[in-house]
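# Topology and contacts: notes
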Amino acid sequence: MKRVLSGNEAVARGSWEAGVKVAAAYPGTPSTEILEELARFPHVYCEWSTNEKVAVDVAMGAAYAGRRALAAMKHVGLNVAADSFFYASSTGAEAGVVIVSADDPAMHSSQNEQDNRRFAQFARVPCLEPSDSQECKDFVPAAFELSELFDTPVLLRTTTRTNHSSGPVELGERIERPPRRDKFPRNPEKYVMIPGNARRRHPIVEQRVRDLAAWAEKSSLNRIEWRDRAVGVITAGVAYQYAREVLPDASVLKLGMVYPLPEQLIRTFAAGVGRLIVLEELDPVIEDEVHLLGIACEGKTIFPLCGELDPTVVRRSAAAAGLPVDRPPVLVAEVAKPELPARPPVLCAGCPHRGVFQLLSKKKVAVTGDIGCYTLGLLPPLSAIHTCGCMGAGIGVAHGAAQAGIGERMVAVIGDSTFYHTGLPALANVAYNKANVLTIILDNRTTAMTGHQANPGTGLTLQHQRAEVIELEPLVRALGIHHVATVDAYDVEHLEQAYKELMAHNEPAVLVARRDCALLPEIRKRWVPLEVIEEKCTGCGICFRIGCPAILKSDELDENSGKPLALIDAEMCTGCELCSQLCPHGAIPTRDQMRLAEEHQPASCTVVTPEGS
Amino acid sequence: MRAHDPVNFVLVGVGGQGTLLASTILAEVGLAAGYDVKKSEVHGMAQRGGSVLSHVRWHPQHVFSPIVGMAEADILLCFEKLEALRFAEYVRPGGAAVVNDMAIVPITVSAGAGTYPGDEHLAEVFKAVGAKLVVVPGEKLAQEAGNVKAANVALLGAVSHLLPLPEETWWECVKQRVPAKFLEVNRKAFAAGRAAVKQV
């Protein structure tokens, strides 16, 4: 049976078919849907771990216990999990363990476009790279076989284009695997990485790489497709699709396993073609290896290293290099267009973070940010965030600036999910080493950016079962932070009051700005759009300066100022009332004010409701 | 377009407009009609009200690239007029741009950086590209059918008229993907979209 599956759905399906028992992940685009989808299948324990490192540890624990296990993350998640990834390579396990890294060429939703095939080389872990949904499904069971055959974790490296592209997939059935152990192994030589044991493991790991390379020579994951021999292309992942599309007549060496590489197969292919090309996205990983074999090839001299490939880029580059392309690159006509206004992503209408950023912007304070929807607080007109590096970085950066003696108070902002992820150790550091940093936890009760996943503060699990709520305030107080306040993030006056009080102390302080994300399904049901009273609006523009996409410029101009009046898009407005609180002319009544006004209007008709309704 | 020719679609709009559902339905229609299909989209930060772009490809034998190249789209389906102008170069000469008569003013305009382009540019730009322009009042047709949220189905109805597949093939796929209680609304919206193109 064939079904259209995204790469992520296919990885989940493949995991289930492979008999995975335990799967752990932290949400991150483009990997998030893998665990969401896998959690729908029976007989697999799935969880949102607090971060990617924990997820890899969880998978390793399950694999030590003799059960197949999977950990999934976005590429930068593997940075967080790197320490665990390396010991996993050293120890191996008792059952198969697969780590999925979803890389993001073009940085559609990431802070960098690192190529995690380098991590495979670095940690001596074999790496498979699927090129479409069918392979996403098929490579997972293959990765588990490989893992168990060679006693190694396997890295399954995908990219945004494979994760979020869909195509027909031939489905299989689940093969249940009996646990490979009854009891947890007591094998310290293999599993306790003190120096003496680790020294004995290192040559074993290096030999494993040589054995894997020999295996790769015969594996069906790698294949030569002989066509015209004038040009031969070595390629992998989604770049294989572009090679086939743009260079349909060229011979291809398709690598399903990108580390370690099959030396003999590459030599055979190179000897059989006239001009050897390497087509790969991001780093010249394969190209470097081919050069190390002493084989002449061309790669990044033809195709770009930065950004994502696509048929247009590949065709243009290949044609310029004189390669036999399917057809000449289209010269996109120079179309005269008006100047088009940009449409950057924005904080949504009703976003509970907006009030905090409006305050910070007004205070002109230095703000270190973090990863999440709220990073968008950097955009004009709020322009309230001044650094953002990676998950959990903001608090430590603020602490460092404070300890360096910068002459102003530092404020760190971090979302609830990110706080549990890596903010917690950084805040413990602030408390321990006593920096006068104000940390604002933007608690919108969900992991919003990746699509509303549960986290330890929500009281729900991945499967929406009840879980313990890890309350922020007692947690923060337990760290030894004495100045802690909680405010409704929609309440402008109390936000500012709490901010002032906390900033009055020259000590670590935490402000929890709490309000559910306006896009949560149960919150959406309660949206009530506000309206602008035109007679009261003067076109002063204060409401335009909070960057709410629901507040538009009207075609009506104010008689005195000649400036456009404000207009609220009723489809978009959630009724958060931030603009009502900021409007100096009372032109945007709150819901309570609207209700009062209605009650004082003379009744124009009488509504009769039938009894009992 | 003849039956069994490959077909490339590019869908553009604003995050939250329902482009993802429309691309899913397009992929399923292709599969039902016997094509190999691929679709590709981007999730995450772009969906917070930013410009969004997705690709759907049908091929009688095999689709390789999941992405459509520049000037390779047979049909550019635009959920919003500014995005239609932004991504106009995706449609091939001789192709068609189906443009929803809908303006969503970006925050940059309210903030005073730039102005929303006038409708006259649509005809100019697509003429320069060499593509047929079909403007469909998706929201209006959906509203008349009973629910403004069926606008994306009205747009699919418009697209369906440009391709040589039986109307039933389309409707069978659409109805799998819309809530049962809105079946009749969506049927009307689909038919209205289809009829709107006939009049062009």
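Residues numbered from 1 in each chain as written. Chains lettered and ligands numbered in written order. Predicted model: local features only at pLDDT ≥ 70, side-chain atom pairs only at ≥ 80, totals over all residues.

## A closer look at the overall build of chain B
So the rule is basically this: We count a stretch as a helix when DSSP gives it H or I for four or more residues in a row; a strand needs E for two or more, and each element gets its number in order from the N terminus. By definition, residue pairs are in contact when their C-beta atoms, positioned from the backbone, come within 7 Å.
Secondary structure assignment for chain B yields 8 helices and 6 strands. Along chain B, from the amino end to the carboxyl end, the secondary structure elements read β-α-β-β-β-α-β-α-α-β-α-α-α-α. Dimensions of chain B, computed from C-alpha atoms along their principal axes, come out at roughly 50 × 40 × 35 Å. Long-range contacts, defined here as pairs at least 24 residues apart, represent 66% of the contacts in chain B between residues at least 6 apart.

## With respect to the overall build of chain A
Heads up, the rule is: The globule rule is 2.2 Å times the number of residues to the power 0.38, and the radius of gyration it is compared with is taken over C-alpha atoms. Partly exposed residues are those whose C-beta has more than 12 but fewer than 20 other C-beta atoms within 10 Å; 20 or more makes a residue buried and 12 or fewer makes it exposed, with C-beta atoms placed from the backbone.
A tally of regular secondary structure across chain A gives 22 helices and 20 strands. Its C-alpha radius of gyration of 28 Å places chain A within 12% of the 25 Å reference for a compact globule of 613 residues. Projected onto the principal axes, the alpha-carbon positions of chain A cover approximately 90 × 65 × 65 Å. Here chain A holds 613 residues, and 54% of them are scored as buried. Nonlocal contacts in chain A, meaning residues at least 24 apart in sequence, comprise 72% of its contacts between residues at least 6 apart.

## Digging into the packing of helix 7 (residues 167-177) of chain B against helix 8 (residues 183-198) of chain B
The relative placement of two packed helices comes down to the angle between their axes together with the axis-to-axis distance. Residues and elements named next belong to chain B. We apply this condition: Every angle, taken between N-to-C directions, lies between 0 and 180 degrees, and every axis is a line fitted to C-alpha atoms, over only the stretch in contact when it is a helix. Take the far helix as the reference: if the near one is turned anticlockwise from it by less than a right angle, the crossing is left-handed, and if turned clockwise, right-handed. Residues are sorted three ways: Asp, Glu, Lys and Arg are charged, Ala, Val, Leu, Ile, Met, Phe, Trp, Tyr, Cys and Pro are nonpolar, and all the rest, Gly among them, are polar.
As a packed pair, helix 7 and helix 8 sit with axes 11 Å apart at the nearest point and diverge in direction by 145°. Here helix 7 runs over helix 8; the crossing is right-handed. Between helix 7 and helix 8, the contacting residues are Glu167, Trp171, Val174 and Lys175 on the first element and Leu183, Asn186, Phe190 and Arg194 on the second. Here the contact of helix 7 with helix 8 is built from residues that sort into 4 nonpolar, 1 polar and 3 charged.

## Side note on the domain arrangement of chain A
Selection rule: The start and end points of each domain follow an automatic or database-based domain assignment.
We note that the domain assignment places domain 1 (2-218), domain 2 (222-320), domain 3 (354-523) and domain 4 (527-600) within chain A. Using C-alpha coordinates to define each centre, domain 2 of chain A is positioned 58 Å away from domain 4 of chain A.

## Here's the deal with the interface of chain A and chain B
Across the contact, 47 residues belong to chain A and 48 residues belong to chain B. When contributions to the side of chain A that touches chain B are tallied by element, the ones reaching two or more residues are helix 8 (160-163), strand 8 (165-170), helix 11 (238-246), helix 14 (311-320) and strand 19 (551-557) of chain A. Class assignment for the residues of the side of chain A that touches chain B results in 27 nonpolar, 11 polar and 9 charged.

## With respect to the confidence of the model for chain B
Atom-level detail of predicted coordinates should not be read off regions where pLDDT is low. Residue and element names in this part refer to chain B. Test applied: One confidence number per residue, pLDDT, is output by the predictor and ranges from 0 to 100.
Averaged over all residues, the pLDDT of chain B equals 92, while 95% of them reach at least 70. Mean pLDDT in chain B bottoms out at helix 3 (residues 107-110), which sits at 83, and peaks at strand 4 (residues 73-78), which reaches 98. At the level of chain-chain contacts, confidence expressed as ipTM amounts to 0.93, with global pTM at 0.95.

## A closer look at unusual backbone geometry
All names here are of chain A. In the segment running from Thr29 into Pro30, the intervening peptide bond is cis, with an omega of 10°. Along the polypeptide, Pro30 turns up in the loop between strand 2 (22-25) and helix 2 (33-38). In this structure, the amide linkage connecting Pro380 to the following residue, Pro381, adopts the cis form with an omega of 5°. Its identity is not glycine, yet Lys364 carries a phi of approximately 55°, on the positive side. Looking at Lys364, the number of C-beta atoms within 10 Å reads 10, which means it is exposed.

## Observations regarding helix 1 (residues 19-32) of chain B
Residue and element names in this part refer to chain B. This is how it is decided: How far a helix is expected to stretch is found by multiplying one less than its residue total by 1.5 Å.
End to end, helix 1 covers 20 Å across 14 residues, agreeing with the expected 20 Å (1.5 Å per residue, within 8%). Along helix 1, the residues that are buried comprise Thr19, Leu20, Ala22, Ser23, Thr24, Ile25, Leu26, Ala27, Glu28, Val29 and Gly30. Following helix 1 by one or two positions, Gly34 has its phi on the positive side, about 95°.

## Some remarks on the nonpolar core
As a rule of thumb, nonpolar side chains are buried together in soluble globular proteins. Defined as follows: Put simply, a nonpolar core is a cluster of buried Ala, Val, Leu, Ile, Met, Phe, Trp, Tyr and Cys residues tied together by C-beta atoms within 7 Å.
Core analysis: the biggest nonpolar cluster contains 185 residues, and Ala23, Ala25, Ala59, Ala71 and Leu511 of chain A have the highest contact counts within it. With 8 residues, the top contributor of residues to this core is helix 3 (residues 52-64) of chain A. Excluding anything up to four places from it in sequence, Ala71 of chain A contacts Ala24, Ala25, Ala55, Val56, Val58, Ala59 and Ile99 of chain A. By size, the runner-up hydrophobic cluster in this structure holds 74 residues, among which are Ala27, Val42, Val63 and Ala97 of chain B.

## Focus: the pairing of strand 5 (residues 97-103) of chain A
All names here are of chain A. Selection rule: DSSP bridges decide pairing: two strands pair if at least two such bridges lie between them.
Burial runs high along strand 5: 7 of the 7 residues are buried. Alternating residues of strand 5 divide into Val97, Ile99, Ser101 and Asp103 and Val98, Val100 and Ala102, and every residue in both groups is buried. Here 6 bridges tie strand 4 (residues 69-74) to strand 5, and the two strands are oriented parallel to one another. Its bridge partner being in strand 5, Ala71 is matched across the sheet by Ile99.

## Describing the sheet that holds strand 13 (residues 275-279) of chain A
Residues and elements named next belong to chain A. Strands sit in the order 9-11-10-13 across an open sheet of 4 strands; the sheet is mixed. Among the strands making up the open sheet, the edge pair consists of strand 9 (222-225) and strand 13. Neighbour-to-neighbour, the strand axes of this sheet turn through a mean angle of 15°, independent of strand direction. As paired strands, strand 10 (residues 228-236) and strand 11 (residues 250-255) are joined by 6 bridges and run parallel to one another.

## Focus: helix 4 (residues 120-129) of chain B
Residue and element names in this part refer to chain B. Selection criterion: As used here, the arc belongs to the directions running from the helix axis to the C-beta atoms.
Of the residues making up helix 4, those classed as buried are Leu122, Val125, Phe126 and Val129. Buried residues of helix 4, seen end-on, are gathered within an arc of 90° and therefore sit on one face of the element. Away from its buried face by more than 90 degrees, helix 4 exposes Glu120, Ala123 and Lys127. The secondary structure elements touched by the buried residues of helix 4 are helix 2 (81-86), strand 5 (91-100) and strand 6 (132-136). After helix 4 finishes, the residue Gly130 shows a positive phi value of roughly 90°.

## As for the sheet that holds strand 3 (residues 51-59) of chain B
Strand order in this open sheet of 8 strands is 1(A)-8(A)-2(B)-3(B)-1(B)-4(B)-5(B)-6(B), and the pairing throughout is mixed. Each having just a single partner strand, strand 1 (2-6) of chain A together with strand 6 of chain B make up the two edges of the open sheet. Neighbour to neighbour, the strand axes of the sheet diverge by 20° on average, direction disregarded. Where strand 5 of chain B meets strand 6 of chain B, 5 bridges bridge the pair, whose relative direction is parallel. Residue Ala97 of chain B lies in a different strand from strand 6 of chain B, and its bridge partner there is Leu133 of chain B. Against the sheet, helix 7 (residues 133-150) of chain A contacts strand 1 and strand 8 of chain A, and its axis sits at roughly 60° relative to strand 8 of chain A.

## Regarding the pairing of strand 8 of chain A
By the bridge criterion, 5 bridges tie strand 1 of chain A to strand 8 of chain A in an arrangement that is antiparallel. Of the residues in strand 8 of chain A, the one forming a bridge with Arg3 of chain A is Val169 of chain A. Bridging between strand 8 of chain A and strand 2 (residues 36-40) of chain B involves 2 bridges; their strand directions are antiparallel. Each residue of the ladder has a partner; that of Ser165 of chain A, found in strand 2 of chain B, is Ser40 of chain B.

## Quick notes on the environment of Ala518 of chain A
Residues and elements named next belong to chain A. Looking at the element boundaries, Ala518 is found in the loop between strand 18 (509-514) and helix 20 (521-524). Between the C-alpha atom of Ala518 and that of Ser89, which follows or precedes it by 429 residues, the distance is 43 Å. Here Ala518 is in contact with Cys348, Gly350, Cys351, Pro352, Ile523, Thr574 and Cys576, once residues within four sequence places are set aside.

## Some thoughts on the environment of Ala189 of chain B
Residues and elements named next belong to chain B. Secondary-structure assignment places Ala189 in helix 8. Through-space distance from the C-alpha of Ala189 to that of Glu172 is 14 Å; in sequence the pair is 17 residues apart. The contact partners of Ala189, leaving out residues within four places of it in the chain, are Leu141, Ala142, Ala145, Ala150, Val153, Ala154 and Gly157.

## Considerations on the packing of helix 1 of chain B against helix 6 (residues 151-161) of chain B
All names here are of chain B. Put simply, the test is: Roughly parallel means an angle under 35 degrees; roughly antiparallel means over 145; roughly perpendicular covers 65 to 115; every other angle is labelled oblique.
Their axes nearest at 10 Å, the elements helix 1 and helix 6 cross at an angle of 40°. In terms of orientation, helix 1 lies oblique with respect to helix 6. Relative to helix 6, helix 1 is oriented so that their crossing is right-handed. Each of Leu21, Ala22 and Ile25 in helix 1 lies in contact with helix 6, whose residues at this interface are Asn152, Leu155 and Leu156. Of the residues that constitute the contact of helix 1 with helix 6, the class distribution is 5 nonpolar, 1 polar and no charged.

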